[in-house]
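# Structural description and commentary
So the chains spell out like this:
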Amino acid sequence: SGLERPQVVSHAQQALSYTLFDCKWVPRSARLLCLGSAPRGTGLLQLYELRGGRLALLREIEKAKPIKCGTFGATSLQQRYLATGDFGGNLHIWNLEAPEIPVYSVKGHKEIINSIDGVGGLGIGEGAPEIVTGSRDGTVKVWDPRQKDTPVANMEPVQGESKRDCWTVAFGNAYNQEERVVCAGYDNGDIKLFDLKTMSLRWETNIKNGVCSVEFDRKDVNMNKLVATSLEGKFHVFDMRTQHPTKGFASVSEKAQKSTIWQVRHLPQNRDIFMTSGGAGSLHLWK
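Residue numbers run consecutively from 1 along every chain, following the written order of its sequence. Local features in this predicted model are restricted to residues of pLDDT 70 or higher, and side-chain atom pairs are both shown and tallied only at a pLDDT of 80 or more, whereas totals for entire chains, interfaces and linings draw on every residue. Side-chain numbers come from the whole structure's heavy atoms, not from hydrogens or water.

An unreviewed UniProt entry lists the protein chain under the name Dynein axonemal assembly factor 10, with Nyctiprogne leucopyga given as the organism. Its UniProt record, at the heading Function (unreviewed entry), says of the protein chain: "Key assembly factor specifically required for the stability of axonemal dynein heavy chains in cytoplasm." UniProt positions are given in the numbering used here, feature names are shortened, and annotations may be inferred rather than shown by experiment. Of the comments in the UniProt record for the protein chain, the one headed Subcellular location (unreviewed entry) reads "Dynein axonemal particle".

This is the structure:
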């Protein structure tokens, strides 16, 4: 009571004639990328620039397969290459100055790449530049763009275990040259934490509903906080500072709304504040 509701002001609007799957700011610029699927089943990549309250289209590139997700996380600020995952299971890295042919390309998965994340680029995090992809084929793979064709890590279901659709992936704990983890969320509510230093499964839990989005509050610090959002309108905040040998990490959950929470994003300037976006079209800011 007495607290003013935060006001979300619309700065610019743009109608699109295709299905939008992902949107990314080009680092340190007033340009943004829209990635998606054209009505005829091809992939679209549009580059916009913010000019005085309106979005000006600079470039539109059509690709063979719909593009599901993208990240700049593993590139340098000088290059600002975009890594994308598509419906054909391909991982591509694009130079936006010459986007006709990818600078790196690999058939990473048998099915659609649902989620992608990068670390070690943009001056964020220690260690090698790496990209993680999560796919409907049940596998989570880590790629080093300097190494062709073969992932540096491949997390797949063990023999006899049914494959689950991986919906979301995120890097964390990249605070020095050796440490790094990948968190993955699956359609059955599983959350798995892979330790890339020991190449082992460090922790797993189940939140009883499909995991739509996971994000660490920071990638480049000791693991501190992990937020996972779900289909049923709940989100879970895990305290990653102390791991109990049998109970894992302490957590708190909150029912934000009745519809799916599609995404969580932390505020870069203050990691105690994060935003969730829901299927009902609402944005919620949390502290």
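## Quick look at the environment of Arg 136
Numbering of helices and strands runs from the N terminus; a helix is a DSSP stretch of H or I covering at least four residues, while a strand is a stretch of E covering at least two. Along the chain, Arg 136 falls in the loop between β10 (130–135) and β11 (140–143). Judged by relative accessible area, Arg 136 falls into the partly exposed class, the value being 41%. As for Arg 136 and Ala 83, which are separated by 53 residues in sequence, their C-alpha atoms are 18 Å apart. Residues in contact with Arg 136, not counting those within four places in the same chain, are Glu 111, Ile 112, Asn 114, Lys 163, Arg 164, Asp 165 and Cys 166. Note on exposure labels: buried denotes an accessible area under 20% of the residue type's maximum, exposed denotes more than 50%, and partly exposed covers the range between, all computed with a 1.4 Å probe on protein chains only. By definition, residues are in contact when any of their heavy atoms lie within 4.5 Å.

## Here's the deal with the pairing of strand β19 (residues 234–244)
Two strands are counted as paired when DSSP detects at least two bridges linking them. Sheet analysis places strand β18 (residues 225–230) next to β19, joined by five bridges and oriented antiparallel. Within β19, the position partnered with Lys 225 by the bridge is Asp 239. Turn length for the β18-β19 hairpin, with the two strands adjacent in sequence and antiparallel, is three residues, and the turn residue Gly 233 shows positive phi of about 90°. As paired elements, β19 and strand β20 (residues 248–255) share seven bridges and run antiparallel to each other. What sits directly across from Phe 235, in β20, is Glu 254. Following β19, the chain reverses through three residues before pairing antiparallel with β20.

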